[in-house]
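Analysis of the macromolecular model
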Amino acid sequence: MRLSDLWHPIQAEMKYLLWLPLYLLSFFILERLPISGYWATQTPWDQAIPFCEWFVIPYCLWYPLLVAVGLFLLARNREGFRRYMVFLALTFFLSEVIWFLIPNGQDLRPLVMPRDNFLTRWVAGLYAIDTNTNVFPSVHVVGSIGAAWAVWDCRCLHPHRVLRWAVAVLAVLICLSTLFIKQHACLDVLSGLVLSLAVGLLVYHRSLARAFRPLTATD
């Protein structure tokens, strides 16, 4: 098989990535818009959740998880890749619309780290590059749920139960990590779950999912 035979089908799917630069640009703009006041999403529940720097590890695994799932689907399941991209685009852009219409943030970050170690310095670095605003809903939650949903939907992964459950457990840990390193409040996570469920049921509904099937060869 020639390299071009592999490249051309992949190249045809690149249009499903066009949303990403636009999202990143709009995210950058929203993060730097001056906000005179915002709705603080924390509740008394959040005060009962202790800070735990160990959760910075699953929190940062969010990035390779999303990329790895996307690359796998692009290579093995183009139909699944299309649904995955549409899910992420819809949930991420809807999140930005909510941030713009309802400026929000949370005031949970510790002013002084309870301990000084590599992990707490790692968390402090995250605080420095990511503001405490635009948190409701959490894109960390919708992204991790989207990756797990895509893996469970992928037909070629159905026999690999351990892998599917491993991704699901990682998605749960990522959602919890946003609470334990004080990047998000409980309401942020809950709203992310609700948004993920609403969009996931739409994108992965059997009758609507046919729209993402390739017009030529079967995946």
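In the block above lies the structure referred to throughout.
As a starting point, this report considers the structure included with it. All values derive from a computational prediction rather than experimental measurement.

**A short note on the layout of surface pockets**
Space inside the largest pocket adds up to approximately 800 Å³. Along its surface, the largest pocket is lined by 37 residues, and Tyr23, Leu24, Trp62, Tyr63 and Phe92 are the ones closest to its centre. Residue composition of the lining of the largest pocket, by class: 25 nonpolar, eight polar and four charged.

**A look at the environment of tryptophan 62**
The residue tryptophan 62 is located in helix α4 (residues 56-76) in this model. Here tryptophan 62 falls in the buried class, since its relative accessible area comes to 9%. Spatially, the C-alpha atoms of tryptophan 62 and isoleucine 174 are 6.7 Å apart, while their sequence positions differ by 112 residues. Apart from the residues lying within four places of it in its own chain, the contact partners of tryptophan 62 are Phe92, Val139, His140, Gly143, Ser144 and Ile174. Within the structure, the side chain of tryptophan 62 is placed 3.0 Å from the backbone oxygen of histidine 140, a separation counted as a polar contact.

**As for the packing of aromatic side chains**
Scanning all chains against the criterion turns up 15 aromatic pairs. Ring geometry for tryptophan 62 and phenylalanine 92: centres 6.3 Å apart, planes at 20°, overall stacked. Residue tryptophan 62 is found in helix α4, and its partner phenylalanine 92 is found in helix α5 (residues 78-101); the two are separated by 30 residues along the sequence. Judged by its relative accessible area of 4%, phenylalanine 92 falls in the buried class. Joined through ring pairs, the aromatic side chains of Trp19, Tyr23, Phe27, Trp62, Tyr63, Phe92, Phe93 and Trp99 make up one cluster. The ring of tryptophan 152 has arginine 164 sitting right over it, with the charged end atom 4.0 Å from the ring centre.

**Digging into the packing of α4 against helix α7 (residues 139-153)**
Following both chains from N to C, one finds α4 and α7 inclined at 35°, their axes separated by 10 Å at the closest point. Handedness of the α4/α7 crossing: left-handed. For the pair α4 and α7, the contacting residues are Tyr59, Trp62, Tyr63, Leu65, Leu66, Val69 and Leu73 in the first and Val139, His140, Gly143, Ser144, Ala147, Ala150 and Val151 in the second. Here the residues of the contact of α4 with α7 sort into eleven nonpolar, three polar and no charged.

**Examining the packing of α7 against helix α8 (residues 161-180)**
Their axes nearest at 9 Å, the elements α7 and α8 cross at an angle of 175°. The angle between the axes of α7 and α8 places the two elements in the roughly antiparallel class. Contact residues: His140, Val141, Ser144, Ile145, Ala147, Ala148, Val151 and Trp152 in α7; Arg164, Trp165, Val167, Ala168, Ala171, Ile174, Cys175 and Thr178 in α8. Here the contact of α7 with α8 is composed, by residue class, of twelve nonpolar, three polar and one charged.

**Some thoughts on the nonpolar core**
Judged by nonpolar contacts, the single largest core of 33 residues is most densely connected at Val69, Tyr84, Leu88 and Phe92. Those elements that provide at least two residues to this core are α2 (19-32), α4, α5, α7, α8 and α9 (186-203). The element best represented in this core is α5, accounting for eight residues. Sequence-distant contacts of valine 69, that is, excluding residues within four places in its chain, are made with Tyr84, Ala147, Ala150 and Val151. Counting ten residues, the second largest nonpolar core, distinct from the first, contains Phe51, Tyr59, Leu126 and Tyr127.

**Points about the environment of threonine 91**
Secondary-structure assignment places threonine 91 in helix α5. Taking the C-alpha atoms as reference points, threonine 91 and serine 138, separated by 47 residues in sequence, lie 9.9 Å from one another. Among residues more than four places away in sequence, those in contact with threonine 91 are Val142, Leu195 and Val199. Of the polar contacts made by the side chain of threonine 91, one reaches the backbone oxygen of phenylalanine 87; its length is 2.8 Å.

What counts and what doesn't
- Residues numbered from 1 in each chain as written.
- Predicted model: local features only at pLDDT ≥ 70, side-chain atom pairs only at ≥ 80, totals over all residues.
- Heavy atoms only, no water.
- 1 Å grid on protein atoms, 1.4 Å probe; cavity = no way out; pocket = protein on both sides within 12 Å on 5 of 7 lines; lining within 4 Å.
- Points joined across faces, edges and corners; volume = space filled by probe spheres on them.
- Nonpolar A, V, L, I, M, F, W, Y, C, P; charged D, E, K, R; others polar.
- Helix = DSSP H or I, 4+ residues; strand = E, 2+ residues; numbered from the N terminus.
- Buried < 20%, exposed > 50% of the residue type's maximum accessible area, 1.4 Å probe, protein only.
- Contact = heavy atoms within 4.5 Å.
- Polar contact = N/O pair within 3.5 Å; in protein donor to acceptor, adjacent residues only side chain to side chain.
- Phe/Tyr/Trp six-rings, centres within 6.5 Å; stacked < 30°, edge-to-face > 60°.
- Lys NZ or Arg CZ within 6 Å of the ring centre and 35° of its normal.
- Axes fitted to C-alpha atoms, helices over the stretch in contact; angles between N-to-C directions.
- Left-handed = near helix turned anticlockwise from the far one by under 90°.
- Parallel < 35°, antiparallel > 145°, perpendicular 65-115°, else oblique.
- Core = buried A, V, L, I, M, F, W, Y, C linked by side-chain atoms within 4.5 Å.

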